[in-house]
Amino acid sequence: MAQALLGLAAEPLDAKTVTLRAIVVSAIESAKAAESYGLGRDRIILSAKVSGVQDLIRVYRMLAAECDYALHVGLTEAGLGSKGIVASTAGIGVLLQEGIGDTIRASLTPLPNGDRTDEVIVCQQILQALELRSFTPQVTACPGCGRTTSTFFQDMADQIQTYLREQMPVWKQSHVGVEEMKVAVMGCVVNGPGESKHANLGISLPGTFEEPKAPVYVDGRLVVTLKGDNIVPEFIAMLNEYVESHYSSGNGAKPEQRAAAHPLPVLN
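Peer 1: Can you walk me through the side chain of S107 in this structure?
Peer 2: Locating S107 in the fold gives a position in the loop between β4 (103-104) and β5 (108-109). With sequence-adjacent residues up to four places away left out, S107 is seen in contact with L75, T76, E77, A78, G79, S88 and E119.

Here it is, written out as structure tokens:
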């Protein structure tokens, strides 16, 4: 195991490689020492403290190859804002895709008076994007372009996503599988119908030169066209009806059955 990393190399190694190998050897030897003092292997999890994306990937690939201890994956001191989110996602995503990692963490620097729950949300989104775990219904929305007449669809997408996240603590108690629901809020007819048809519930808002109406699709089928000033509350009402009819406690697998079907990985 770790002895393979301690052997003589045919050529001198660069300082970075020596450092990364030393991290791996130190982690494994420390875990072995803990076991020798009586700590159970199932209670040990290794975490390598590195702050570079490529270093993170290299270290954890070595750890995964050299031992079978549980691994805690995360980029140390990832940084502030989008830099920290992108760096964490880049490193964690590669490793999870390779099947490496048992728990994860996004180590983000919060904005002044910022909310540390952003770290949890980022980790949830990484796992959900990789289709490893589902935590909350996802909203698909276009970025906006010259075909969209206003920012209304963006405001609506934000309102819907916020509403879904706020409802999850209530829904998850009695609506099995609702976290896997997909909702589309699109800004014009070009991509709107297509994306809406691929969602459980989707709406295509009017774009430039389009009629002032918003077709709504349910499970790929056009069911109604909304108009006027109450599009958002009417769409939310349809969303609630969909949740009640498709994810009530009497539908689908039991919670323990769903948990058994998603063994990878847990969120720290």
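On we go.
Peer 1: So what exactly am I meant to see when it comes to helix α3 (residues 53-66) here?
Peer 2: Each full turn of the α-helix corresponds to 3.6 residues, which orients residues three or four apart in the same direction. Between its terminal C-alpha atoms α3 stretches 20 Å, which fits the 20 Å expected from 14 residues at 1.5 Å a residue. Among the residues of α3, D55, L56, I57, V59, Y60, M62, L63 and E66 are the ones counted as buried.

Peer 1: Looking at this structure, how should I read the packing of helix α2 (residues 15-36) against α3?
Peer 2: A pair of packed helices is characterised by two quantities: the angle between their axes and the separation of those axes. Interhelical geometry of α2 versus α3 gives an angle of 45 degrees and a closest axis separation of 10 Å. Between α2 and α3, the angle falls in the class oblique. Here the hand of the crossing between α2 and α3 comes out right-handed. Facing K16, T17, L20, R21, I23, V24, A27 and I28 of α2, the residues of α3 in contact are D55, R58, V59, M62, L63 and E66. Split into classes, the residues belonging to the contact of α2 with α3 amount to 8 nonpolar, 1 polar and 5 charged.

Peer 1: Help me understand the confidence of the model for the protein in this model?
Peer 2: Detailed conclusions should not be drawn from predicted coordinates in areas where pLDDT is low. Residues at a pLDDT of 70 or more form 85% of the protein, whose mean pLDDT is 85. Scored below 50 in pLDDT, residues 252-268 shows 33 contacts in the model against residues more than four places distant or in partner chains.

Peer 1: Sorry if this is basic, but what is going on with α2 here?
Peer 2: Here α2 spans 31 Å end to end across 22 residues, near enough to the 32 Å set by a 1.5 Å rise per residue. Of the positions making up α2, those classed as buried are T17, L20, V24, V25, A27, I28 and A31. Seen end-on, α2 carries its buried residues on one side only, within an arc spanning 155 degrees. Across from the buried face of α2, at angles greater than 90 degrees, the exposed residues are A15 and S36. The N-cap of α2, judged by a side-chain oxygen 3.1 Å from the amide nitrogen of K16 a few residues on, is D14.

Scoring rules and cut-offs
- Per chain, residue numbering runs from 1 following the sequence as it is written.
- Since the coordinates come from a predicted model, pLDDT governs what is reported: local features require at least 70, and pairs of side-chain atoms require 80 or more to be given and counted, while whole-chain, interface and lining totals use all residues.
- As a rule here, side-chain values cover all heavy atoms of the structure and leave hydrogens and water aside.
- Numbered from the N terminus, helices here are DSSP runs of H or I no shorter than four residues, and strands are runs of E no shorter than two.
- Should any heavy atoms of two residues lie within 4.5 Å, those residues are considered in contact.
- An expected span of 1.5 Å times one less than the residue number is assigned to each helix.
- Summary of the burial criterion: residues with accessible area below 20% of their type's maximum are buried, those above 50% are exposed, and those between are partly exposed, where the area comes from a 1.4 Å probe applied to protein chains only.
- The angle between two axes is taken between their N-to-C directions and runs from 0 to 180 degrees, where each axis is a line fitted to C-alpha atoms and a helix contributes only its stretch in contact.
- For classification purposes, an angle smaller than 35 degrees is called roughly parallel, one larger than 145 roughly antiparallel, one from 65 to 115 roughly perpendicular, and anything else oblique.
- Working rule for handedness: look at the near helix, and if it is turned counterclockwise from the far one by less than a right angle, call the crossing left-handed; if clockwise, right-handed.
- Throughout, the ten residues Ala, Val, Leu, Ile, Met, Phe, Trp, Tyr, Cys and Pro are labelled nonpolar, Asp, Glu, Lys and Arg are labelled charged, and all others, Gly among them, are labelled polar.
- Values of pLDDT, ranging from 0 to 100, describe the predictor's confidence in every residue of the model.
- For this quantity, the arc is that covered by the directions from the helix axis to the C-beta atoms.
- In protein, a polar contact means a hydrogen-donor-capable atom and an acceptor-capable atom, both N or O and within 3.5 Å, with residues adjacent in sequence counting only if both atoms are side-chain atoms; elsewhere, any N or O pair within 3.5 Å suffices.

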